[in-house]
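Spelled out from the first residue to the last, the chains are:
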Amino acid sequence: MNPKTLPRWTRSTWSKSLGGAAAAALAVGALGACSTTSEESAAATTSESSTTTEDSTSSDDATVLTASSAGLTAAEVLAENLDASETVALADSSWDSADEIAIDLSSPSAADGVEVDGDTVTITQPGTYRLSGELAGQVVVESEDDGVVRLVLDGADITSSTGAAIDVQDADQVSVVLADGSTNRLEDASEYADTESDNAANAALYSTADLAISGTGSLEVVGNSNDGITGKDGLAITAGDITVDAVDDAVRGKDYLVVTGGTIDVTAGGDGLKSDEDSDATAGYVALLGGEVTVAAGSDGVQGFTDVAVAGGTLSVTESEEGLEAAVIAISDGTVDITSSDDGLNATVKEADDDTEDAASTEESTEMAGPGGGGGGEAVQAGASLTVTGGSVTVAAGGDGLDSNGVIDVTGGEIVIAAAANGGEGPVDANGTVTSANGWLTLDGSADAGSTITVLDADGQEVASVAAGQSLSSLHLTADGIVAGQSYTVQVDGTDVGTATAVESIATTMGPGGGGAPGDREMPGGGGRPGGGQPPAEGSMPGDGA
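Residues numbered from 1 in each chain as written. Predicted model: local features only at pLDDT ≥ 70, side-chain atom pairs only at ≥ 80, totals over all residues. Heavy atoms only, no water.

What's the story with a negative patch on the surface in this structure? I'm lost.
Side chains of Glu142, Glu144, Asp145, Asp146 and Asp172 sit close together on the surface and give a patch of like negative charge. Of note, Asp172 is situated in the loop between strand E7 (166–170) and strand E8 (173–178). Using a relative accessible area of 35% as the deciding quantity, one classes Asp172 as partly exposed. (Patch = residues over 30% accessible without salt bridge, like charges linked within 9 Å, V, L, I, M, F, W, Y side chains within 5 Å. Areas by Shrake-Rupley, 256 points an atom, 1.4 Å probe, with all protein chains shown as cover. Salt bridge = Lys/Arg side-chain N within 4 Å of Asp/Glu carboxyl O. Lys, Arg positive; Asp, Glu negative; His and termini not counted. Charge placed at Lys NZ, Arg CZ, Asp CG, Glu CD. Helix = DSSP H or I, 4+ residues; strand = E, 2+ residues; numbered from the N terminus. Buried < 20%, exposed > 50% of the residue type's maximum accessible area, 1.4 Å probe, protein only.)

Structure, rendered in structure tokens:
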């Protein structure tokens, strides 16, 4: 993707503006009742706006609560976030090959901007450095001057026994370029010599500066201690064939993680893709704008502290506890295929990681759903929203398919869900209102991964078609053109599965509260913590706070 087509980010530290009526306060409406019309949404905006705060911060703990982004497209969500365009643009920057400094890692020697001390090669100033050969040691970047440090990996194989393979401790900006046709490999130590200093590395490829990865070569990263790739500021991946295997998180950008291209295949003991800045409401987001991403994760497939925005490309989460998790999830284009043991897509506002009981602001709106309301009496989290305005989504979930501690808003795209239907779990569940512009179909049927699900109207005309990215044991689906009250026939690979009449909502309804009972991971009132925050996700490890 050309960086010029990316959203125009705007920096607005500590506060996120409300983006129109669709981004207003959470309405506590009838979960599982008829879909909310635009007029009803506007009325809810007016009636609830006085109870919902924008971002709140505490001078003691710097906790951030995000404003509601319900109804916004991925691009609109990203437009309110920290600007990542400079980091993304590093991929397009050019250089004169005559100015390159070649470093033979098999037998490194000092040069202008390069120091060698035993098995440690240190780069001390901006410039372009072409790395090739094998090194049992480390490449360290200590560049105090302004300018880009460009590392062209051209057949580089670096294995460290003391820490990170590439450790960027100081630089203005860093660009890692995978040379055409090259095969590269980075592996870190299982135990690091330095784990206490402020900038102690915690990943095989680690950077304290904004980091961009590009190029047409391949890169294998093995994270034996903690993470695979970590950018302590922002991280952008625009190209390359990248494989990561890490004991904790595979790919993590602190301020943001932006993917615009490339083929990325990660296996993680913790989260697959992650951004976890918790002190700035415009940071802590993951943006998937292009490329092909495959994730097998022990915890979340993709996790953002604030937002996960999908506006292009293909994301396949083949294994996870929760597929996508963030306060705000917005999908407007691309293909998202999720397999999860718990919720497929989960919108929940998290606490800042400071281990205090009063970490979340008590000013946050946590309205309790009354009779006919959402969540079975669970608190509605201000700022938690799950919005689908386009794209293709398939979810095979052991818990809820689409789950939000706030609201759910579906106005476009194609969604097919197979989810558990017991213990309070279901295909669609929210503590607040569930709004759907299209009708929903439920059929007893299944679809194998890669099969085509087709919806035909009463005249036999095709209304929608979606490829099942994952194996689905049941079919709950919605798409543009499906109208509540009308009858449709559903086919899988051309064979009729059944006929059903579309309904306005399939949201979970249980008992007087109208919503699902709290699951094992949830407590009434948003976890019993001030502000309705959730405890840190299981599987997080000490390195997560870098």
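Picking up after the structure, the text goes on.
Mind showing me how you'd approach the sheet that holds strand E35 (residues 452–456) here?
Sheet strands pair by backbone hydrogen bonding; their relative direction is either parallel or antiparallel. Spatial strand order, E36-E35-E38-E39: four strands in an open sheet with antiparallel pairing. In this open sheet, the two strands that pair with only one neighbour each are strand E36 (462–467) and strand E39 (495–501). In this sheet, neighbouring strand axes are inclined to one another by 20° on average, regardless of whether the strands run parallel or antiparallel. Relative to E36, E35 is paired through five bridges, and the arrangement is antiparallel. When the sheet's bridge partners are listed, Thr452 is paired in E36 with Ala467. (Pairing = 2+ DSSP bridges. Axes fitted to C-alpha atoms, helices over the stretch in contact; angles between N-to-C directions.)

Help me understand the pairing of strand E3 (residues 120–123), please; the structure alone is not making it clear to me.
The two faces of the sheet receive side chains in turn, since in a regular strand these alternate between them. Pairing of strand E2 (residues 114–117) with E3, which is carried by four bridges, proceeds in the antiparallel orientation. Across the sheet, residue Glu115 finds its bridge partner in E3, namely Thr122. Taking the residues that link successive antiparallel strands as the turn, the E2-E3 hairpin has two residues, and the phi of Gly118 there is positive, at about 65°. Bridge count for E3 against strand E5 (residues 138–142) is four bridges, and the pairing is parallel. The residue bridging Ile123 from the neighbouring strand is Val141, located in E5.

Just checking my understanding: could you explain the confidence of the model for the protein for this structure?
Parts of the model with low pLDDT should not have their predicted coordinates read in detail. Residue-level pLDDT values for the protein average 81, and 75% of them are 70 or greater. In the model, residues 1–6 has pLDDT below 50 throughout and makes nine contacts with residues more than four positions away in sequence or in other chains. (pLDDT = per-residue confidence, 0-100. Contact = heavy atoms within 4.5 Å.)

Sorry, what's going on with unusual backbone geometry here?
For Asp493, which is not glycine, the phi torsion reads 50° and is therefore positive. Checked against the element boundaries, Asp493 lands in the loop between strand E38 (487–492) and E39.

Can you walk me through the packing of aromatic side chains in this structure?
Any aromatic ring pair is given by two values, namely how distant the centres are and how the planes are angled relative to each other. Throughout the structure, instances matching the rule amount to one aromatic pair. Geometrically, the ring pair formed by Tyr256 and Tyr285 is stacked, given 5.7 Å between the ring centres and 25° between the ring planes. Separated by 29 residues along the polypeptide, Tyr256 in strand E17 (residues 256–259) and Tyr285 in strand E20 (residues 285–288) bring together distant segments of the chain. The pair formed by Tyr256 and Tyr285 is uniform in burial state, with each residue classed as buried. (Phe/Tyr/Trp six-rings, centres within 6.5 Å; stacked < 30°, edge-to-face > 60°.)

Would you explain the pattern of salt bridges in this entry?
If charged atoms from side chains of opposite charge come close, those side chains can pair. As enumerated under the stated definition, the model contains eleven salt bridges in all. For Arg252, the salt bridge identified is with Asp227, shortest N-O distance 2.9 Å. One end of the pair, Arg252, is in strand E16 (residues 251–253); the other, Asp227, is in strand E13 (residues 227–231), with 25 residues separating them in the sequence. Under the relative-accessibility criterion, Asp227 is labelled buried at 0%. For Lys274, the salt bridge goes to Asp271, with nearest N and O atoms at 3.1 Å. For the pair formed by Lys274 and Asp271, the shared burial category is buried. Linked by salt bridges that have partners in common, Asp227, Asp249, Arg252, Lys254, Asp271, Lys274 and Asp276 make up one network.

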